[in-house]
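# Structure assessment
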There are 2 protein chains.
Amino acid sequence: MTAEDVEPGTVRPGGRTARVRTAVLRAAGDTLAEQGLAGLDLAEIARRAGVGRTTVYRRWGTVTGLVADLLTDMAEQSLPRTETGSLLGDLQANARLVRRTLADARQGALFKAVIAAATGEPRTAEALRRFYEIRVAEWAPCVQQAVDRGELPADTDSHEVIRAVSAPLYYRLLTGGDPPDETAADRAAEAAAAAARAGVFVRTRQRRPAR
Amino acid sequence: MTAEDVEPGTVRPGGRTARVRTAVLRAAGDTLAEQGLAGLDLAEIARRAGVGRTTVYRRWGTVTGLVADLLTDMAEQSLPRTETGSLLGDLQANARLVRRTLADARQGALFKAVIAAATGEPRTAEALRRFYEIRVAEWAPCVQQAVDRGELPADTDSHEVIRAVSAPLYYRLLTGGDPPDETAADRAAEAAAAAARAGVFVRTRQRRPAR
C-alpha cells in the first residue's frame, strides 16, 4: 500500500507514479538532448532522476520502451493552435512554432536524437509516427476552415498540407545541420499555401502525367 | 615502390589505392545499411573489405573520417539529370529518382544511417551538407531553364526549389518510417512547381506579414 491509498485527501492528481514518470522522462529527454541515444542507460537515468533503478526497469523495461513513452508524453504537451482567420496566417504560425522548437537548443537536439533513434528501431519509428500524427491532427482543422471559407478546393487533404509546412524545416535541420531561420519558416508556410490553393493536396485528384 | 610505379603500361586508372577505397567504402556502406552507425568498426570493415587493418586506420583514421569519405564518394556517383522540356516534368523526374533511392532497401537504410550519424557528429553533418549541396546543384539548372523559358519568375532561387522537391520525401521517410510512394513523389514535384510559379522562391521578394 502506498501513501495515496491510505490518505485520499492528500492525493494529488497523478500522485507519486506521475511524479516518478515526470522525473524519469525529464532525465531521459535531457540525456538524449545532451548525448543522443548512445548515452541513454536505464540505470543512469534512474540515478539522474533520483528514482529507484528497479522502478525504472519494471516500468519501462528497455531504452526503447523509455523513448516510446517520452514521445507519448511529448505528444501530450503540445501548445494550443493559433487561429489567425486566414490560411496563410495559420500556416505561418504553425511554421514558426515548428521552427522555434527545432531552433531551441534542448528541443532541437532532442528531436534530432529521437529521429536518429527511430532510424534503427521499428518500435521507436512507430512511436515517432504516432507523435507526428497527433501534432499534425492538432493543426489540420485550420486547413479545413480554409476549405469552408472557400480559400481552398474541397477535399483538400488537410493533414498533407500541415506536413508540407513542416517538411522543409525538418529537411533543412537533418540534411544541412543548421536549424531553419524565420525566413525559411515563412517560406515553408507560403509554399504549402500556394500548393494547396493550386489543388496539389486534393485527395481525389487525378495525377497529371509527366510531360 | 608498388607495381604501378615499375610497370606504367599495366596501371589501371586509380590502381590499387582506388581498388582499396572502393572495397572499403562498399563494406562501410553495406555495414551502415545493415546495422547502422553502431555496427561500424574500422577493424571489422578492413576484414569485410579484405584489406589490411593498418591501411584502413592509416587512410581513414576514424569511423567519422570513413563516413565523410563515403559521402564524398556517394556525391560523385549520382545519376545524370533528366531533361523533359518542362519544369513539372523535370521536377517529377527528380522526385521519382529521390523516391526510388529512399525506397531501395540498401540505399534507403544507408541514407537513414548517415542522417542519423550526422545528428550526433558535426563533421558528418558537414559532409552530409556538402553531399546534398552537390546533388541539389546538379538539378538546379532545370529550374533556371524554366526561368529562361518564362515558366517561373526571374530571380527564383533554383536550389530552394530542388530542396522543396526532396523535403516531403525525406520528411516522410524520417518521421513516418515508410518510404514515400510514387504518388508522394509526384505530389512533391507538383507542390514545388506550384509554389515556384507563385513566386514563393524568389530571392529578393519581400516577405508577406502574417495576418
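Residues numbered from 1 in each chain as written. Chains lettered and ligands numbered in written order. Predicted model: local features only at pLDDT ≥ 70, side-chain atom pairs only at ≥ 80, totals over all residues. Heavy atoms only, no water.

As annotated in an unreviewed UniProt entry, chain A carries the name TetR-like C-terminal domain-containing protein and is attributed to Streptomyces ziwulingensis.

### Re the interface of chain A and chain B
Selection criterion: The contact criterion used is simple: two residues touch if any of their non-hydrogen atoms lie within 4.5 Å. The buried area of a pairing is the accessible area, by a 1.4 Å probe, that goes missing from both parts when the two are put together, added over both. Whenever a carboxyl oxygen of Asp or Glu lies within 4 Å of a side-chain nitrogen of Lys or Arg, that contact is scored as a salt bridge. In DSSP terms, a helix is any run of H or I states spanning at least four residues, a strand is any run of E spanning at least two, and both are numbered starting from the N terminus. All amino acids are sorted into three groups, where Ala, Val, Leu, Ile, Met, Phe, Trp, Tyr, Cys and Pro are nonpolar, Asp, Glu, Lys and Arg are charged, and the leftover types, Gly among them, are polar.
Across the contact, 38 residues belong to chain A and 38 residues belong to chain B. Summed over both partners, the interface of chain A with chain B buries about 3,600 Å², with 62% contributed by carbon and sulfur atoms. At the surface where chain A touches chain B, the tally comes to two salt bridges. The partner of E160 of chain A in a salt bridge is R187 of chain B, with the nearest N and O atoms 3.2 Å apart. Elements that contribute at least two residues to the side of chain A that touches chain B include exactly α6 (87-103), α7 (105-119), α8 (122-148), α9 (158-176) and α10 (182-197) of chain A. For the side of chain A that touches chain B, the leading source of residues is α9 of chain A, giving ten residues. For the side of chain A that touches chain B, the class distribution of residues is 18 nonpolar, nine polar and eleven charged.

### Describing the environment of E160 of chain B
Structurally, E160 of chain B can be placed in helix α9 (residues 158-176). Beyond its immediate stretch of four places on either side in the chain, E160 of chain B contacts R187 of chain A together with F201 of chain B.

### Focus on the relation of the copies chain A and chain B
In plain terms, the rule: Copies are brought into register by a least-squares superposition over C-alpha atoms of residues with pLDDT of at least 70 in both.
Once turned by 180 degrees and shifted 0.0 Å along the axis, chain A lies on chain B with an RMSD of 0.0 Å. The superposition of one copy onto the other is thereby described by a two-fold rotation axis. The position closest to the rotation axis in chain A is occupied by the C-alpha of A116 of chain A, lying 2.1 Å away. An overlap of 100% is found between the interface residues of chain A and their copies at the interface of chain B, pointing to a shared contact surface.

### Examining the nonpolar core
Put simply, the rule is: Only buried residues count toward a nonpolar core, which is a set of Ala, Val, Leu, Ile, Met, Phe, Trp, Tyr and Cys residues joined through side-chain atoms within 4.5 Å. Burial status follows relative accessibility: with a 1.4 Å probe on protein chains alone, a residue under 20% of its type maximum counts as buried, one over 50% as exposed, and anything between as partly exposed.
By size, the foremost hydrophobic cluster in this structure holds 142 residues, and its most contacted members are V24 and L91 of chain A together with V24, L91 and Y170 of chain B. Aside from chain neighbours lying at most four places away, what touches V24 of chain A is I45, A49, V51, V56, W60 and L66 of chain A.

### Here's the deal with the UniProt feature "domain: HTH tetR-type" (unreviewed entry) in chain A
Basically, it comes down to this: UniProt positions are given in the numbering used here, feature names are shortened, and annotations may be inferred rather than shown by experiment.
Sequence positions flagged by UniProt for "domain: HTH tetR-type" (unreviewed entry) are, in local numbering, residues 18-78 of chain A. The span residues 18-78 of chain A is 79% helix and 0% strand, and its two end C-alpha atoms sit 18 Å from each other.

### Examining the domain arrangement of chain A
Bring the parts together and some accessible area is lost; that lost area is often taken as the interface size. Residue and element names in this part refer to chain A. Counted only if it meets this: Where a domain begins and ends is set by an automatic assignment or by a domain database.
By the assigned domains, chain A splits into domain 1 (3-74) and domain 2 (80-197). Computed from C-alpha atoms alone, the centre-to-centre distance between domain 1 and domain 2 is 28 Å. Both faces combined, the contact of domain 1 with domain 2 buries some 1,300 Å², and carbon together with sulfur accounts for 71% of it. Where domain 1 meets domain 2, there are one salt bridge.

### As for the UniProt feature "DNA-binding region" (unreviewed entry) in chain A
In this numbering, the UniProt entry assigns the feature "DNA-binding region" (unreviewed entry) to residues 41-60 of chain A. For residues 41-60 of chain A, the helix share is 80%, the strand share is 0%, and the end-to-end C-alpha distance is 12 Å.

### Side note on the pattern of salt bridges
All chains considered together, the criterion is met by 36 salt bridges over all chains. Taking the shortest distance from any N to any O, the salt bridge between E34 of chain A and R48 of chain A comes out at 2.8 Å. Here the residue E34 of chain A occupies a position in helix α2 (residues 15-35), and R48 of chain A occupies one in helix α3 (residues 42-49), the gap between them amounting to 14 residues. Taking the relative accessible area as the measure of exposure, R48 of chain A reaches 34% and is therefore partly exposed. We note a salt bridge from D30 of chain B to R26 of chain B, for which the minimum N-O separation is 3.5 Å. Taken as a pair, D30 of chain B and R26 of chain B lie in helix α2 (residues 15-35) at a separation of four residues, close to a single helical turn. Connected through salt bridges with shared partners, the residues R96, R99, E182 and D186 of chain A form a single ionic network.

### Thoughts on helix α4 (residues 53-60) of chain A
Residues and elements named next belong to chain A. Put simply, the rule is: The arc in question is the one spanned by the directions pointing from the helix axis to the C-beta atoms.
Among all positions in α4, only T55, V56 and W60 are buried. Down the axis of α4, the smallest arc covering the buried residues is 95 degrees, so these residues share one side. Away from the buried face of α4 by more than 90 degrees, exposed residues R53, T54 and R58 are located. On its buried side, α4 packs onto α2, α3 and α5 (63-76).

### Details of the packing of aromatic side chains
Going by this rule: Here is the rule: rings of Phe, Tyr and Trp (six-membered ring for Trp) pair when centre to centre is within 6.5 Å. Planes less than 30 degrees apart are stacked, more than 60 are edge-to-face, and the remainder are tilted.
A full pass over the atoms with the stated rule returns twelve aromatic pairs over all chains. On the numbers, 5.0 Å between centres and 80 degrees between planes, the contact of F131 of chain A with Y132 of chain A is edge-to-face. You can call Y132 of chain A buried: its relative accessible area is 7%. The structure contains a cluster of three or more aromatic residues connected by ring pairs, namely F111, F131, Y132 and Y170 of chain A together with Y171 of chain B.

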